[in-house]
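# Coordinates in review
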Amino acid sequence: MKTPYKNIYSILKLNRFIVLTVIIGAALTATISVVMVIKLHNESVNNAFVVNSNGSVIPIKMVSQMENLKVETMAHLELFHTYFYNIDASNYKKNLEKALWLGNSSVDGLYRQKKADGVYNRLIQYSLIQKVLSIESIIDLQNEPYVFETKTIFEINRGTITDTYELITTGKLIHVERNFPNNTHGLLITDFFENTLKKITNEN
């Protein structure tokens, strides 16, 4: 009895199916591989790392956030100290009102104490001009609340006499909701305290 031959067209159709399956599978594998490589590359770029001075590895994104935080905290402190101490008879009410938006009850308490002591009355009575010359702050941004120390150099013009002073203030900064235009940095000064005030003498 003779073995029947298989239909040649059926064999070719099966071979073509197998070839197409292999090609499609290879194409899918290659596509998935490319997508995975691109995704891995993007994640590597977005989560690149740097090594800081003490050897710790920090994501670049975090470094960028820290840099932004430093800029904002410095700007907030400079703005507050300018409003609170750069005053004269014509602008002190407006400036102090702006300064009070940037701090909590510790700032308000100091303002009320100065008012009770007659600081602002003397400003008006003697037409004093208190001008801020420089503001330098040191801030610890490792943990919130952020502890700061600020050195403010200002002068008081009494007409014929101008005296220069150095004021050291300390406090902490916490995050709050941004309030435009009253508190654009979204930070609030707490535990504010005037530590030392000394007169600067010019020695020739």
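Below is a short write-up of the structure. (Residues numbered from 1 in each chain as written. Predicted model: local features only at pLDDT ≥ 70, side-chain atom pairs only at ≥ 80, totals over all residues. Heavy atoms only, no water.)

With that settled, the discussion passes to the nonpolar core. Residues Phe80, Phe84, Ile189 and Phe192 are the most contacted members of the largest nonpolar core, which totals 31 residues. Contributing elements (two or more residues each) for this core: α2 (60–85), α3 (92–100), α4 (105–116), α5 (119–125), β4 (129–140), β5 (146–157), β6 (162–175) and β7 (187–200). Per-element tally for this core: the top contributor is α2, with six residues. Filtering out sequence-adjacent residues up to four positions away, Ile189 remains in contact with His76, Leu77, Phe80, Leu102, Gly103, Asn104, Ser106, Val107, Phe148, Lys172 and Leu173. (Core = buried A, V, L, I, M, F, W, Y, C linked by side-chain atoms within 4.5 Å. Buried < 20%, exposed > 50% of the residue type's maximum accessible area, 1.4 Å probe, protein only. Helix = DSSP H or I, 4+ residues; strand = E, 2+ residues; numbered from the N terminus. Contact = heavy atoms within 4.5 Å.)

On to the sheet that holds β4, then. With antiparallel pairing, five strands are arranged side by side in an open sheet as β3-β4-β5-β6-β7. The outermost strands of the open sheet, each flanked by one partner alone, are β3 (87–88) and β7. Looking at chain direction, β4 and β5 are connected through 11 bridges and run antiparallel. Paired with Ile135 across the strands is Thr152, a residue of β5. (Pairing = 2+ DSSP bridges.)

Pairing between β3 and β4: two bridges, direction antiparallel. What sits directly across from Asp88, in β4, is Ile129. Here β4 folds back onto β5, and the loop between the two strands holds five residues.

Glancing now at the environment of Ile156. As for its placement among the helices and strands, Ile156 is situated in strand β5. Beyond its immediate stretch of four places on either side in the chain, Ile156 contacts Leu128, Ile129, Gln130, Ile161, Thr162, Asp163 and Tyr165.

Relative to the assigned elements, Thr190 resides in strand β7. Once residues lying within four places of it in the same chain are set aside, the contact partners of Thr190 are Asn104, Ser106, Gly171, Lys172 and Ile174.

Looking now at the packing of aromatic side chains. With the rule as written, the count across this model stands at eight aromatic pairs. When the centroid spacing of 5.7 Å and the interplanar angle of 10 degrees are considered together, the rings of Tyr92 and Tyr120 count as stacked. Highlighted residues: Tyr92 in helix α3 and Tyr120 in helix α5, separated in sequence by 28 residues. Just as Tyr92 is buried, Tyr120 falls in that class too. Feature note: the residues Phe80, Phe84, Tyr85, Phe154, Tyr165 and Phe192 constitute an aromatic cluster, connected by ring pairs. (Phe/Tyr/Trp six-rings, centres within 6.5 Å; stacked < 30°, edge-to-face > 60°.)

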